[in-house]
Amino acid sequence: MLRQALRWVKNKVVDKAQRLLLTVLAAGPIPKHVAFVMDGNRRYARSRHQKVQEGHKEGFVALRRMLEICFRLNIKCVSAFAFSIENFKRSKDEVDTLMGMAEDKLVELCEHGDLMDQYGVRLNVVGNVELLPESVQKAVRKAERMTRHNNRAIFNLCMPYTSRHEITMAVQSCVRNAIKEPDNKQTITEDDIDSQLLTSLGGSPPLDILVRTSGVKRLSDFMLWQCCEYTQLQFTMTYWPDFGLLDFIPIILDFQRKSWRR
């Protein structure tokens, strides 16, 4: 009983301290759009002599943790690279586990959408959704439908996604639109392509910060078009399941410092 009481007190103190830190951070410039390459789940599990599936489960916990932190900071859009089209090349067991977890979490979101409703978040599943199993596609459609009324923030769950696919689809859409033009439009501009990107169609603002965890310094075909001149790239050694507020604070402070210098 005493142990439970102490744990309750500890959690209350930690939560209050976190809220205070977020309030202080929110006093400065805040990015409108932050993206995460959630890397390191498998290495996290192996370092603890666990099955890879346990690392992915902890990764989902970290995602919910970071979503709440971002929305408390009033960040308007969060994008997360959950599953690459290339990941279908992994072992069948791992892919099946990830698909099952995705379905479970989307169903959970539908049934207990407290986080999405509390912060007014609209879910966009960004990518080649047709590649997903039918049961996952059904969960995607239901989750997107149930959050469609939310208009204060956006969560882009990128799965299965690659930038090459997104840009290809945008160019194809531009060509189709040009053919339909009565004056037979001959030129496709950068703005035309940008307007047809999946993130743009979903209402996402320009990308301010891209964070990749686990010490790997590459983009891995994620939001290549969106990483424009002003996007700040941040690489951290922390594995994604361990990533939290203390890792995020220096990233936000760096964004604020650079924003004040412009």
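Whatever comes next refers back to the structure up there.
Because the structure is predicted, anything quoted here is derived from the model rather than measured.

About the thresholds
- Just so you know, the residues in each chain are numbered from 1, in the order the chain's sequence is written.
- In view of the model being predicted, local features appear only for residues whose pLDDT reaches at least 70, and side-chain atom pairs are presented and counted only at 80 or more, with totals across whole chains, interfaces and linings using the full set of residues.
- Note: side-chain values were computed over all heavy atoms of the structure, leaving out hydrogens and water.
- Any residue under 20% of the maximum accessible area for its type is buried, any over 50% is exposed, and the rest in between are partly exposed; the area is computed with a 1.4 Å probe on protein chains only.
- Secondary structure elements follow DSSP: runs of H or I no shorter than four residues count as helices, runs of E no shorter than two count as strands, and numbering proceeds from the N terminus.
- By the convention used here, strands pair only if DSSP detects at least 2 bridges between them.
- To estimate how far a helix should reach, multiply one less than its number of residues by 1.5 Å.
- Any residue with an atom within 4 Å of a point lines the site, the site being either a cavity, points on a 1 Å grid over the protein atoms alone where a 1.4 Å probe fits but cannot get out, or a pocket, an open set with protein on both sides within 12 Å along at least 5 of 7 lines.
- Grid points are joined across faces, edges and corners, and a volume is the space filled by probe spheres set on the points.
- Charged residues are taken to be Asp, Glu, Lys and Arg, nonpolar residues to be Ala, Val, Leu, Ile, Met, Phe, Trp, Tyr, Cys and Pro, and polar residues to be all remaining types, Gly included.

Would you mind going over the pairing of strand β5 (residues 209-212) in detail, with residue names and values included?
Burial along β5 is two-sided: the face carrying Ile209 and Val211 and the face carrying Leu210 and Arg212 are both buried. Alignment of strand β1 (residues 33-37) against β5, held across four bridges, turns out to be parallel. In the sheet register, Val37 faces β5, and the bridge partner there is Arg212. As defined by bridge partners, β5 adjoins strand β6 (residues 232-235) across four bridges and the pair is classed as parallel. The residue bridging Leu210 from the neighbouring strand is Leu233, located in β6.

Describe helix α10 (residues 245-261), naming the residues involved and giving the relevant values.
The end-to-end C-alpha separation of α10 is 24 Å, in line with the 24 Å expected for 17 residues at 1.5 Å each. Looking at α10, one finds that the buried residues are Leu245, Phe248, Ile249, Ile251, Ile252, Asp254, Phe255, Gln256 and Ser259.

Report on unusual backbone geometry, specifying residues and quantitative values.
Note that the residue after Met159, namely Pro160, is joined by a cis bond; omega there is -20°. Counting through the fold element by element, Pro160 comes out in the loop between β4 (153-158) and α7 (163-180). Backbone geometry at His49 places phi at a positive 55°, although glycine is not the residue there. Note on placement: His49 falls in the loop between α2 (41-47) and α3 (52-72).

An account of the layout of surface pockets is requested, with residue identities and associated values reported.
Of the volumes computed, that of the largest pocket is approximately 670 Å³. Along the wall of the largest pocket there are 28 residues; nearest its centre are Met38, Asp39, Ala82, Asn87 and Arg90. For the lining of the largest pocket, a count of residues per class yields 13 nonpolar, seven polar and eight charged. Put simply, the second largest pocket is a space of about 360 Å³. Forming the walls of the second largest pocket are 17 residues, and the residues nearest its centre are Phe60, Leu63, Arg64, Lys105 and Leu109. Taken together, the elements giving at least two residues each to the lining of the second largest pocket come down to α3, α4 (92-111), α5 (114-118) and β4.

Fair warning: the whole summary comes from geometry, so function is off the table for now.
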